[in-house]
Amino acid sequence: MAARSKGFGLWFALASAATFGSSGPFAKSLLVEGWSSGAIVLLRVSGATLVLAVPTLLALRGRWSLVRENLPAVLAYGAVAVAGCQVAYFYAVQRLDVGVALLLEYLGVVLVVLWVWLRTRRAPTALTGLGIVLAILGLVLVLDLAGQARPDLVGVAWGLVAATGLATFFVLAAEESSLPPVALAGLGMGAGAVALGVLGVARILPLTFASAPVELMGRQVPWWVAIGELALIAAATAYLLGVTAARVLGSTVASFVGLTEVLFAVLFAWMLLGELPGLMQLAGGVCIVGGVVAVRVGELRRERADRATAAMDDADFPLPAGVA
């Protein structure tokens, strides 16, 4: 049963990466028509909050004490993992190439490994270390950063803030909690929407909207089609699948599978915008997949070793007769 759950968790993580990866082309179509990044994120998160409202209420079924018990995690999830991560990433994009900003954000995966190391005081396995190297190398190749000019240091700082937000998402989502995954995603989205709204009202986050049609797959479609996809698929579905996967797989494996979002983003950009990936990006994809596999195998070996150690301890200290 445990192995079957891990298998489902892996599929959920891949589905989460795919839905997250679909956001790029739709957001780009809006940006081209004059939308600001803040306006896109606000509507994306607000729409996702509405979509998850009913499932969240059904999951809680009046058990609001669970919300009070997990309020710090909900607020941190909404403010840091949802609002903070997305806003920081868009600020980084203003000063850096999109590829550089995305690479910096996905350094959050390395932060997850370091956090688990500090919390458990157990160094990553050799395979996990290999996975880190392969994954980062793959990202560099996929994003084709060769020859990139020296980046803006302020943009780099925003990119690292986005990385912290991404790491926070995986760590909080993987924590054992009495709060159902859909409730954490729904309430976290609500908290993030409120935070974004406050930033917008305070004029810290520019909000510029437009009503012109957007272009996707060579066709003109209403702007609300792009916003609907971003809210329903790239936010509500993506975050819900991501939380569920992280609770099954743990933060380390879930975060590394999340790296495949870059591959899905390239695929969707090709399908919707006609941006065909090159051989360098395909080679990077192989490295990313290799990194995910290395981390997964390393975690499985560690789990087997832990079970074997626990079994030996039980054999060394048998229960007294008559004790069930």
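What you see is a predicted model, and the numbers here were worked out from it, not measured in a lab. (Residues numbered from 1 in each chain as written. Predicted model: local features only at pLDDT ≥ 70, side-chain atom pairs only at ≥ 80, totals over all residues. Heavy atoms only, no water.)

## With respect to the side chain of S37
Now for step 1: If you trace the backbone, S37 turns up in helix 3 (residues 37-60).
Now for step 2: Apart from the residues lying within four places of it in its own chain, the contact partners of S37 are L31 and F90. (Helix = DSSP H or I, 4+ residues; strand = E, 2+ residues; numbered from the N terminus. Contact = heavy atoms within 4.5 Å.)

## Here's the deal with the environment of G291
Now for step 1: Following the sequence through the fold, G291 ends up in helix 14 (residues 279-316).
Now for step 2: Spatially, the C-alpha atoms of G291 and F256 are 7.6 Å apart, while their sequence positions differ by 35 residues.
Now for step 3: Those residues in contact with G291 that sit more than four places away from it in its chain are G131, L134, A135 and F256.

## Quick word on the nonpolar core
Now for step 1: Grouped together as the largest cluster of nonpolar side chains are 68 residues, with contacts concentrated most on Y77, Y106, L179, M189, L196, F256 and L259.
Now for step 2: When residues in this core are grouped by element, the largest group, 11 residues, is from helix 5 (residues 71-95).
Now for step 3: Look past the residues within four positions of M189 in its chain and what remains in contact with it is V45, A48, T49, L52, V82, A235 and Y239.
Now for step 4: W35, V214, A226 and I227 belong to the second-largest nonpolar core, a separate cluster that totals 13 residues. (Core = buried A, V, L, I, M, F, W, Y, C linked by side-chain atoms within 4.5 Å. Buried < 20%, exposed > 50% of the residue type's maximum accessible area, 1.4 Å probe, protein only.)

## A short note on the packing of helix 7 (residues 108-120) against helix 9 (residues 153-174)
Now for step 1: Running from amino to carboxyl end, helix 7 crosses helix 9 at an angle of 50°, the nearest separation of the two axes being 8 Å. One way to sum up the angle between helix 7 and helix 9 is to call them oblique. Along this stretch, helix 7 crosses helix 9, giving a crossing that reads as right-handed. Contacts between helix 7 and helix 9 involve G108, L111, V112 and W115 on the former and, on the latter, A163, T164, A167, F170 and V171.
Now for step 2: Considered class by class, the residues forming the contact of helix 7 with helix 9 number seven nonpolar, two polar and no charged. (Axes fitted to C-alpha atoms, helices over the stretch in contact; angles between N-to-C directions. Parallel < 35°, antiparallel > 145°, perpendicular 65-115°, else oblique. Left-handed = near helix turned anticlockwise from the far one by under 90°. Nonpolar A, V, L, I, M, F, W, Y, C, P; charged D, E, K, R; others polar.)

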